[in-house]
There are 2 protein chains.
Amino acid sequence: MLSRREQDTYQVVRDFITHHSHAPLLNEIAAGLGIQSKGTVHRYVRAIARAGLIELIPGRHRGMRLCHPPPAESTSLPLLGRIAAGQPIEAIPDQEEIDLSEFFMGPNRFVLKVQGDSMIDAGILDGDMVIIKQGQRADNGDIVVALLDNEEATLKYLQHNRDDSITLRPANTALRPITYAASRVRIQGIVVGQMRSYQSVSSR
Amino acid sequence: MLSRREQDTYQVVRDFITHHSHAPLLNEIAAGLGIQSKGTVHRYVRAIARAGLIELIPGRHRGMRLCHPPPAESTSLPLLGRIAAGQPIEAIPDQEEIDLSEFFMGPNRFVLKVQGDSMIDAGILDGDMVIIKQGQRADNGDIVVALLDNEEATLKYLQHNRDDSITLRPANTALRPITYAASRVRIQGIVVGQMRSYQSVSSR
DNA sequence: TTGAAAGTTCTCTAAAAGTTCTCTATTATG
DNA sequence: CATAATAGAGAACTTTTAGAGAACTTTCAA
């Protein structure tokens with residue numbers, strides 16, 4: 001556990017290395033911390049080394065290396081802006097970040113891999129992953145996982161009709177909506193997210 | 001068994017750690033509890049430690065650790081199976097898990113929010129997020145972020161032609177592919193992922 | 001080779017934080 | 001009503017943290 005100034009020191013060292021691509025002198029660290037004593041800096045540096053964050057090469061000038069710590073599995077990416085055909089990328093101020101777990105995670109969720117093109121016009125293609133939130137409650141227009149006669153599962157737009165029947169509507173002009181008695185349909189969950197990877201296995 | 005104020009103290013400590021990612025000083029706990037005496041706080045803290053909820057490092061400033069740290073925000077969801085219209089969900093054996101960060105994360109990536117329907121037939125709709133891997137290299141058929149004349153940015157299928165020109169092909173039958181001299185087109189990155197959230201603001 | 005600059009090891013100081021007390025209320029509880 | 005448990009204040013003390021700087025050794029480049 002590093003003290004406040006030790007953490008400051010670690011930050012200064014890292015900043016320095018990223019900017020200069022070599023390690024700082026003790027005096028340079030001291031300047032970065034706004035203090036005078038290189039003896040004090042040396043004490044901090046040794047504490048950081050003991051914590052395993054850097055490696056020291058004793059005696060040498062600039063004798064330290066970063067021990068790349070566990071690459072803290074981050075889950076957010078910068079949201080750079082909006083892209084619309086025919087316009088420059090509209091930058092979003094304040095360097096927004098988008099967090100994948102916030103985007104998709106939640107209780108009682110699971111993922112299904114989609115096979116087939118029945119929802120293609122809703123932008124859900126063969127091979128896509130859909131994130132499902134478990135639950136029976138769904139509103140008209142939600143995309144749901146519906147179980148028919150406790151046998152067939154299907155991914156469709158949901159529509160409750162006035163006569164208590166249920167229409168499952170595919171998003172594919174080649175397929176037709178079908179209406180069922182409510183008793184035959186069990187909603188297993190609603191689609192809360194969708195994702196697709198374009199990374200081919202070959203190209204890493 | 002903790003008394004009321006001891007439980008309060010535990011809560012204050014946990015809140016502090018989640019917000020600051022380091023432990024509080026006794027005085028900071030006291031402020032959180034609305035009391036003055038750090039001696040009293042110390043008594044509470046020791047009681048919490050005796051109950052096994054925190055670990056104390058005697059003497060040290062901020063010398064305490066949670067024994068049951070909050071389960072680090074997981075980023076994986078169970079992949080239950082494949083869903084194809086008209087068939088039962090095909091269960092995947094071995095309870096596979098899909099990790100969002102593995103799916104999307106990587107170096108030099110960023111996110112853009114798509115505006116417009118130019119890639120609608122590729123399942124990329126207005127409002128979707130696309131994950132871009134920065135880089136000039138792209139193969140035919142990749143979806144790329146292309147900068148035209150250093151001005152317009154656009155999301156299109158890429159096609160290198162034999163005569164060294166470049167065709168950018170939208171995925172929308174209402175739009176036509178356009179061919180440019182290679183010098184006018186700069187590839188800024190290729191689409192490696194796409195995601196969409198169906199969670200309306202209202203229904204959480 | 002040599003000397004300035006850099007690293008290392010100390011000791012010292014002061015402020016801040018942790019630790020241990022005692023004292024005083026207040027509130028349950030048998 | 002006596003007693004114990006809870007809650008808080010605060011004094012006194014110890015230890016850690018933060019920094020300065022001297023003295024010494026080593027590195028490194030001219």
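In the block above lies the structure referred to throughout.
Residues numbered from 1 in each chain as written. Chains lettered and ligands numbered in written order. Predicted model: local features only at pLDDT ≥ 70, side-chain atom pairs only at ≥ 80, totals over all residues. Heavy atoms only, no water.

As a further point, take unusual backbone geometry. Residues and elements named next belong to chain A. Phi is positive for Arg62, close to 55°, though the residue is something other than glycine. Within the secondary structure, Arg62 sits in the loop between β1 (54-56) and β2 (64-66). Owing to a relative accessible area of 31%, Arg62 belongs among the partly exposed residues under this scheme. The backbone phi angle of Asn108 is positive, close to 55°, even though this residue is not glycine. Take Asn108: it is sitting in the loop between α4 (100-104) and β6 (109-115). Take Asn108: its relative accessible area is 53%, and that puts it in the exposed class. (Helix = DSSP H or I, 4+ residues; strand = E, 2+ residues; numbered from the N terminus. Buried < 20%, exposed > 50% of the residue type's maximum accessible area, 1.4 Å probe, protein only.)

Bringing the pattern of salt bridges into the picture now. Under the criterion given, the structure shown has 13 salt bridges over all chains. Put simply, Asp139(A) and Arg137(A) hold a salt bridge, and the shortest N to O gap is 3.2 Å. For Asp139(A), a relative accessible area of 38% corresponds to the partly exposed category. Overall, Arg137(A) belongs to the exposed group, its relative accessible area being 65%. In this structure, Arg196(B) engages Asp128(B) in a salt bridge whose closest nitrogen and oxygen atoms are separated by 2.8 Å. Separated by 68 residues along the polypeptide, Arg196(B) in strand β12 (residues 185-197) and Asp128(B) in the loop between β6 (109-115) and β7 (129-134) bring together distant segments of the chain. Asp128(B) shares its class with Arg196(B); the two are buried. One salt-bridge network, held together by shared partners, links Arg4(B), Arg5(B) and Asp8(B). (Salt bridge = Lys/Arg side-chain N within 4 Å of Asp/Glu carboxyl O.)

The immediate surroundings of DNA strand C are formed by 22 residues, with His42(A), Gly59(A), Lys38(B), His42(B) and Gly59(B) found nearest. Here Lys38(B) contributes a side-chain N or O atom positioned 2.8 Å from a base nitrogen of DNA strand C. Separating a phosphate oxygen of DNA strand C from a side-chain N or O atom of His42(B) is a distance of 2.8 Å. Elements with a contribution of two residues or more to the surface near DNA strand C: α3 (38-50) of chain A together with α3 (38-50) of chain B. Here the residues of the surface near DNA strand C sort into six nonpolar, eight polar and eight charged. (Near = heavy atom within 4 Å. Polar contact = N/O pair within 3.5 Å; in protein donor to acceptor, adjacent residues only side chain to side chain. Nonpolar A, V, L, I, M, F, W, Y, C, P; charged D, E, K, R; others polar.)

Here we take up the protein's contact with DNA strand D. The immediate surroundings of DNA strand D are formed by 26 residues, with Ser3(A), Gln36(A), Arg43(A), Ser3(B) and Gln36(B) found nearest. Sugar and phosphate atoms represent 60% of those atoms of DNA strand D found within 4 Å of the protein. One of the side-chain nitrogen or oxygen atoms of Arg5(A) is found 2.8 Å away from a phosphate oxygen of DNA strand D. Gln36(A) places a polar side-chain atom, nitrogen or oxygen, 2.4 Å from a phosphate oxygen of DNA strand D. Contributions of two or more residues to the surface near DNA strand D are made by α1 (4-20) and α3 of chain A together with α1 (4-20) and α3 of chain B.

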